[in-house]
Each structure stands twice: as structure tokens, then as C-alpha cells.
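Read off the chains here:
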Amino acid sequence: MDLHVRYEGDDDPNKCTARKLARFDLAELHRSDAATPYGVVLNPHAERALSPADRDVGETLVALDCSWESAGEAMFSLPGEHRALPYLVAANPVNFGRPMQLTTVEAFAAALRILGDPEQAEAVLAKFTWGETFLELNEEPLRRYSECADSSEVVAIQREYLDR
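Residues numbered from 1 in each chain as written. Predicted model: local features only at pLDDT ≥ 70, side-chain atom pairs only at ≥ 80, totals over all residues. Heavy atoms only, no water.

## Concerning helix α2 (residues 104–114)
Then, in step 1: The element α2 is largely enclosed, with a buried count of ten among its eleven residues.
Then, in step 2: Just downstream of α2, G116 is the residue with a positive phi angle, here 95°. (Buried < 20%, exposed > 50% of the residue type's maximum accessible area, 1.4 Å probe, protein only. Helix = DSSP H or I, 4+ residues; strand = E, 2+ residues; numbered from the N terminus.)

## Quick word on a negative patch on the surface
Then, in step 1: A contiguous patch of negative charge, built from E119, E122, E132, E136 and E139, is present on the exposed surface.
Then, in step 2: Elements that contribute at least two residues to the negative patch include exactly α3 (118–125) and α4 (131–137).
Then, in step 3: Inspection of the secondary structure assignment puts E139 in helix α5 (residues 139–146).
Then, in step 4: Given the relative accessible area of 56%, E139 is considered exposed. (Patch = residues over 30% accessible without salt bridge, like charges linked within 9 Å, V, L, I, M, F, W, Y side chains within 5 Å. Areas by Shrake-Rupley, 256 points an atom, 1.4 Å probe, with all protein chains shown as cover. Salt bridge = Lys/Arg side-chain N within 4 Å of Asp/Glu carboxyl O. Lys, Arg positive; Asp, Glu negative; His and termini not counted. Charge placed at Lys NZ, Arg CZ, Asp CG, Glu CD.)

## Observations concerning the pattern of salt bridges
Then, in step 1: Scanning all chains against the criterion turns up eight salt bridges.
Then, in step 2: E81 is the salt-bridge partner of R83, the closest N and O atoms lying 3.9 Å from each other.
Then, in step 3: The exposure class of R83 is buried, given its relative accessible area of 7%.
Then, in step 4: Overall, E81 belongs to the partly exposed group, its relative accessible area being 29%.

## What about the packing of aromatic side chains?
Then, in step 1: Applying the stated criterion across every chain, the model contains three aromatic pairs.
Then, in step 2: Consider the rings of F128 and W130, whose centres lie 5.2 Å apart with planes at 40°: the pair is tilted.
Then, in step 3: For F128, a relative accessible area of 9% gives the class buried.
Then, in step 4: With 6.3 Å between their ring centres and 70° between their planes, Y145 and Y161 make a pair best called edge-to-face. (Phe/Tyr/Trp six-rings, centres within 6.5 Å; stacked < 30°, edge-to-face > 60°.)

## So, the pairing of strand β1 (residues 2–7)
Then, in step 1: Along β1, five of the six residues are buried, which leaves the element largely enclosed by surrounding structure.
Then, in step 2: Pairing of β1 with strand β4 (residues 60–65) involves six bridges; the strand directions are parallel. Following the sheet pairing, H4 is matched in β4 by V62.
Then, in step 3: Examined bridge by bridge, β1 and strand β2 (residues 28–30) share three bridges and lie parallel to one another. Bridge pairing in β2 links H4 to E28. (Pairing = 2+ DSSP bridges.)

## Some points on the sheet that holds strand β5 (residues 81–83)
Paired through their backbone hydrogen bonds, the strands of a sheet run either parallel or antiparallel.
Then, in step 1: With parallel pairing, the five strands of this open sheet are ordered in space as β2-β1-β4-β3-β5. Every interior strand has two partners, whereas the edge strands, β2 and β5, have only one. The mean inter-strand angle of the sheet, taken between neighbouring strand axes irrespective of direction, is 30°.
Then, in step 2: Together, β1, β3 (40–42) and β4 form the strand contacts of α2, whose direction differs from that of β4 by roughly 155°. (Axes fitted to C-alpha atoms, helices over the stretch in contact; angles between N-to-C directions. Contact = heavy atoms within 4.5 Å.)

## Focus on the pairing of β4
Then, in step 1: When you tally the buried positions in β4, you get six out of six residues, the bulk of the element.
Then, in step 2: Alternating residues of β4 divide into T60, V62 and L64 and L61, A63 and D65, and every residue in both groups is buried.
Then, in step 3: With three bridges joining them, β3 and β4 adopt parallel strand pairing. From the neighbouring strand, V41 faces β4, where its bridge partner is V62.

## Concerning unusual backbone geometry
Then, in step 1: The phi dihedral of D25 falls on the positive side, at around 55°, and the residue is not glycine.
Then, in step 2: Among the secondary structure elements, D25 is positioned in the loop between α1 (17–23) and β2.
Then, in step 3: Given a relative accessible area of 71%, D25 falls into the exposed group.

The following block contains the structure:
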């Protein structure tokens, strides 16, 4: 899949996973909504969860890279099919162990895994010392989400994790 990032540039550039992906030509950064291509937009405020059924939308994944403090719903005005990632735990050094506080690369890897491309998920995470840890921490939920037929099944599985 083609990985695209609507890049705000308001985080520490030394810790920015989107910038590192771009340096390795694994993702393309865009400075405006208009320049960002249409695709599946990873949006924590979306009404539908990402599921394997979203493979039909196309070959483009879009993430918004901004500070968690500025990641309000208004920031997600990008064109595309907006989908929320289900419950997952961060492995990045800043938010390790926190649910739903993923970096851009973690969001991409999770989406790729759910959409059925574990090889590309591993490839983008390979550039980070903690990348493999993300897949290990989330192995069971990512496998289960990737076996779902649609968003409602993903939400049902997510509910199991949230109820624990």
C-alpha cells in the first residue's frame, strides 16, 4: 500500500516517526489537505473501525502526524474514508504501554496488519528499535482483527479487550 502522511510538523523532529519513514522513502509527507491523496484515513474520531473489508477502498493509507495535544476532531478534515484503529497498546518509548497512543508508524503498521499485509507492517517497523515490540505486544488483537469480516466484528473484539 502507498503510505501518505498529512504532516503538521508540531512534534519533536528527532522523535517523529513520519519523518523517519519519509527519509527511507516508506511514506510521503504532505503539508496541506489539498496535497494529501484520497484513501483510507486513520482517524481516532471516525465512526467506523478499520477492518479487512476496507481493502476494497484502494491502495492508499493516510495518517495525520501531529502532536496528541492538537489531534482534535477538527484536525481530521482530510478527504477519504475515515476509519478508527481498534484497541492497541503503544510500544514507542514516549507512550509505552498506553492504549491508543500510537505513533504514526505504529498506526500504519497496525492498519497494514489488519488489512492483510504483515510483511509491509514489519518493513515499516524495522526502522525503529522498538518496532518489533509493537507487533509482539499486539500480536493477539492484530491477528484477531485481521480475521474479521467487517467493522462490527472488529468492534466486538475490541469490546472484549476494553472489558478486561
